[in-house]
Amino acid sequence: SLDDFVETFIKSEMKEVTYKSYVNNLNGFKKALDIKGKMKFSDIDNSTMSRFHRVGNKKIEQGKWTKKTATSYAQTIRTICEFAFDEDAIPEKISFKNKHKKFNQSFKRGGENYAPRGKDIYKLIQNVDNIKHWQSIAFWLLCFSMRGLYQSDIVKLSDDLLLDKNLKSLENKFIDNNAYLD
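If you're wondering where the values come from, they're calculated on a predicted model, not measured in any experiment.

Another point: the overall build of the chain. Counting its regular elements, the chain contains seven helices and two strands. Taken from N to C terminus, the helices and strands of the chain fall in the order α-α-α-α-α-α-α-β-β. When each of the 182 residues of the chain is scored for burial, the buried share is 27%. Sequence separation of 24 or more characterises 53% of the internal contacts of the chain that already satisfy a separation of 6 or more. Counting only carbon and sulfur atoms, one obtains 51% of the accessible surface of the chain, whose full area is about 13700 Å².

Structure representation (structure tokens):
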């Protein structure tokens, strides 16, 4: 059974956190399909995955699951089956159709996407009462204006990376060893 394979192979070969993830995802998969007890490899076929796909899309639509949850459950089942075949725990490789890999995205969850207006930012700046508050607003503005960069990339910015349009260094733009850009 998939449960026994996870308890033996996955538990002994993978990290503890990976093992727990596999157990949780397997249990979530079984619960979604209302499977009690151990799940056999012979129970896994395209019919089962199709049923899970329908159930997963319905739960996403209801807002009970995210697309990532459904994808994670299905991917874990596929991975367990691949490991079982590679370790000769099952005689035949179980093939899965690609159409069962993708789930619908529901945009109902979370309501409308809120984006602050300029007035909101000015209001925040006017109500700053300590340096930490100011730093958090400044960092948010920096991240917003540099969308696409990771925060770790922003931390790595240096004078070597900051050049103006004429490829001149910004050395004269520093005040107290901090860069100020116009």
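At a minimum axis distance of 11 Å, the contact between helix α1 (residues 2–13) and helix α4 (residues 67–86) shows a crossing angle of 70°. Our classification of the angle between α1 and α4 gives roughly perpendicular. Where α1 crosses over α4, the handedness of that crossing is left-handed. Every residue of α4 that contacts α1 at Leu-2, Phe-5, Val-6, Phe-9 and Ile-10 is listed here: Ile-77, Ile-80, Phe-83 and Ala-84. Within the contact of α1 with α4, the residues separate by chemical class into nine nonpolar, no polar and no charged.

Let's shift gears to the packing of aromatic side chains. As enumerated under the stated definition, the model contains one aromatic pair in all. Where Phe-29 meets Phe-52, the ring centres are 4.5 Å apart and the plane angle is 35°; that geometry is what we call tilted. Remark: Phe-52 occurs in helix α3 (residues 46–62) and Phe-29 occurs in helix α2 (residues 16–32); sequence separation between them is 23 residues. In terms of burial, Phe-29 and Phe-52 fall into one category: buried.

Right, let's talk about the pattern of salt bridges for a bit. Going through the model one piece at a time under the given rule, you end up with two salt bridges. The partner of Glu-16 in a salt bridge is Lys-20, with the nearest N and O atoms 3.9 Å apart. One end of the pair, Glu-16, and the other, Lys-20, are both in helix α2, four residues apart, so they sit about a helical turn from each other. Glu-16 sits in the partly exposed class, given a relative accessible area of 46%. Taking the relative accessible area as the measure of exposure, Lys-20 reaches 47% and is therefore partly exposed. Across the salt bridge formed by Asp-34 and Lys-36, the nearest N and O atoms sit 2.9 Å from each other. Just as Asp-34 is exposed, Lys-36 falls in that class too.

In this section: the environment of Ala-84. Secondary-structure assignment places Ala-84 in helix α4. When its relative accessible area of 0% is taken as the criterion, Ala-84 is described as buried. Expressed as a C-alpha distance, the spacing of Ala-84 and Val-6, which sit 78 residues apart in the sequence, is 9.3 Å. What Ala-84 contacts, discounting residues up to four positions off in sequence, is Phe-5, Phe-41, Ala-89 and Ile-90.

Take Lys-59: it is sitting in helix α3. Taking the C-alpha atoms as reference points, Lys-59 and Ala-70, eleven residues apart in sequence, are found 8.6 Å from one another. If we ignore the near neighbours within four places in the chain, the residues touching Lys-59 are Ala-32, Lys-64 and Trp-65.

Parameters and conventions
Residues numbered from 1 in each chain as written. Predicted model: local features only at pLDDT ≥ 70, side-chain atom pairs only at ≥ 80, totals over all residues. Heavy atoms only, no water. Helix = DSSP H or I, 4+ residues; strand = E, 2+ residues; numbered from the N terminus. Buried < 20%, exposed > 50% of the residue type's maximum accessible area, 1.4 Å probe, protein only. Contact = heavy atoms within 4.5 Å. Areas by Shrake-Rupley, 256 points an atom, 1.4 Å probe, with all protein chains shown as cover. Axes fitted to C-alpha atoms, helices over the stretch in contact; angles between N-to-C directions. Parallel < 35°, antiparallel > 145°, perpendicular 65-115°, else oblique. Left-handed = near helix turned anticlockwise from the far one by under 90°. Nonpolar A, V, L, I, M, F, W, Y, C, P; charged D, E, K, R; others polar. Phe/Tyr/Trp six-rings, centres within 6.5 Å; stacked < 30°, edge-to-face > 60°. Salt bridge = Lys/Arg side-chain N within 4 Å of Asp/Glu carboxyl O.

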